[in-house]
Each structure stands twice: as C-alpha cells, then as structure tokens.
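What follows is the residue order along each chain.
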Amino acid sequence: MKEAFKEAMSRFASGVTVVAARLGEEERGMTATAFMSLSLEPPLVALAVSERAKLLPVLEGAGAFTVSLLREGQEAVSEHFAGRPREGVALEGGRVKGALAVLFCRLHALYPGGDHRIVVGRVERVELGEEGPPLVYFQRGYRRLVWPS
C-alpha cells in the first residue's frame, strides 16, 4: 500500500515552494510541494510540514512564515532547501530572490496530519515578482510547462 500510494502521489503535478521562518537569530527554510490556497476571505494558505522538520519548531515559535513560489530555473534553490545544499543559495529577508511571488503569513492554526503537521497561515502581505513559468514537480522530477511567448 505504501509504495502504491507514493507512486500515485508522484502522478500529481504540483508547484514548488520554499517555506521559511525566523526565530531570533535562527532562520530555517524547506522545500514544500504540499501547499495550497485555502480561503480568499480571509486569505489563508495551508501546507504540510514533517513532524521531524527543523523548520517546524522555528515556525511555531515565530508565529509567522513566508512562502516563496519558485519559478522555472530555480531547481537549485528547491534542492538546497530540500536538504541537498547548493553553493550560493540563501534566503534574503525570509524570501527567495527571483520568486514568482512571496506570501508573508501569520500562523493561523496547526492540525495533526499523521507524520506531518498541517500549517494554516493567514496571508498578511504579498510581493509579486516578475511573471514567468512556475517550477513544477511531477513523477519525481522537475518538469516544464509550455509557456506562451
């Protein structure tokens, strides 16, 4: 069942984000594909964070986090925050430079979700980057969309 479930979920295309939080001098970020828009009024987003993620206690303690929506070409950023360090990749003020958009969120609620925690954030501010194709993850790899010229 576990392998079939993993294979089925690999067949669901998703955008790629970097979620980040800062508590005092500690700043953490992680790549997340389990992310979605939850509500327009109030503006809420939801994501899943592993109970083992180093980001989780920082996010809980800070009560705030950012979500950077990655663009095509930011594969190295995604890899870095997925635990495979890349030279020259860093957060700037809690955001990924060059992202399609950055959402600045206040922690709204936390819910148990098996081996993950479901994090709900209230979006307090949005920064829009340059338009372009998103970074897409499908069948265990990055994919490209046909983008209008």
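Under an unreviewed UniProt entry, the name given to the chain is 4-hydroxyphenylacetate 3-monooxygenase reductase subunit, and the source organism is Thermus composti.

With that settled, the discussion passes to the sheet that holds strand β3 (residues 26-32). Reading across the sheet, the seven strands line up as β3-β2-β6-β7-β8-β5-β4 and stay open at both edges, with antiparallel pairing between neighbours. Of all strands in the sheet, those with a lone pairing partner are β3 and β4 (35-39), marking the two edges. The mean angle between the axes of side-by-side strands here comes to 35 degrees, regardless of whether they run parallel or antiparallel. As paired elements, strand β5 (residues 44-50) and strand β8 (residues 116-128) share seven bridges and run antiparallel to each other. What sits directly across from alanine 48, in β8, is isoleucine 118. Against the sheet, helix α2 (residues 55-62) touches β2 (17-23), β3, β5, β6 (64-69), β7 (101-113) and β8, its axis set at about 60 degrees to β2.

Here the focus is the pairing of β2. Across the seven residues that make up β2, a large majority, five, are buried. Sheet topology places β2 next to β3; seven bridges connect them, and they run antiparallel. Paired with valine 18 across the strands is threonine 31, a residue of β3. Here β2 hands over to β3 after two residues, with glycine 24 in that stretch at a positive phi of 65 degrees. Across four bridges, β2 lies against β6 in antiparallel orientation. Bridge pairing links valine 18 to serine 68 in β6.

With respect to the element layout, serine 14 can be found in strand β1 (residues 14-15). Given a relative accessible area of 14%, serine 14 falls into the buried group. Ignoring any residue separated from it by four or fewer positions in sequence, one finds serine 14 in contact with Thr33, Leu135, Val136 and Tyr137.

On inspection of all chains with the given rule, the structure shows 13 salt bridges. In this structure, glutamate 51 and arginine 117 form a salt bridge, with 2.8 Å as the shortest nitrogen-oxygen distance. Remark: arginine 117 occurs in strand β8 and glutamate 51 occurs in the loop between β5 and α2; sequence separation between them is 66 residues. The exposure class assigned to glutamate 51 is partly exposed, which follows from its relative accessible area of 35%. Classification of arginine 117 by relative accessible area gives buried; the value is 19%.

Next up on the list: the environment of leucine 70. For leucine 70, the position within the fold is in the loop between β6 and α3 (75-81). What makes leucine 70 buried here is its relative accessible area of 1%. Residues leucine 70 and valine 18 lie 52 residues apart in sequence; the distance between their C-alpha atoms is 7.3 Å. For leucine 70, the residues in contact, after removing those within four places along its chain, are Val16, Thr17, Val18, Val77, Ser78, Val96, Leu100, Pro134 and Leu135.

As a further point, take the packing of aromatic side chains. Within the structure shown, the criterion is met by one aromatic pair. Relative to tyrosine 142, the ring of tyrosine 137 lies with its centre 5.4 Å away and its plane at 75 degrees, an arrangement referred to as edge-to-face. A cation over an aromatic ring shows up here: arginine 125 above the ring of phenylalanine 104, its NZ or CZ 3.8 Å from the ring centre.

Conventions we followed
- Residues numbered from 1 in each chain as written.
- Predicted model: local features only at pLDDT ≥ 70, side-chain atom pairs only at ≥ 80, totals over all residues.
- Heavy atoms only, no water.
- Pairing = 2+ DSSP bridges.
- Helix = DSSP H or I, 4+ residues; strand = E, 2+ residues; numbered from the N terminus.
- Axes fitted to C-alpha atoms, helices over the stretch in contact; angles between N-to-C directions.
- Contact = heavy atoms within 4.5 Å.
- Buried < 20%, exposed > 50% of the residue type's maximum accessible area, 1.4 Å probe, protein only.
- Salt bridge = Lys/Arg side-chain N within 4 Å of Asp/Glu carboxyl O.
- Phe/Tyr/Trp six-rings, centres within 6.5 Å; stacked < 30°, edge-to-face > 60°.
- Lys NZ or Arg CZ within 6 Å of the ring centre and 35° of its normal.

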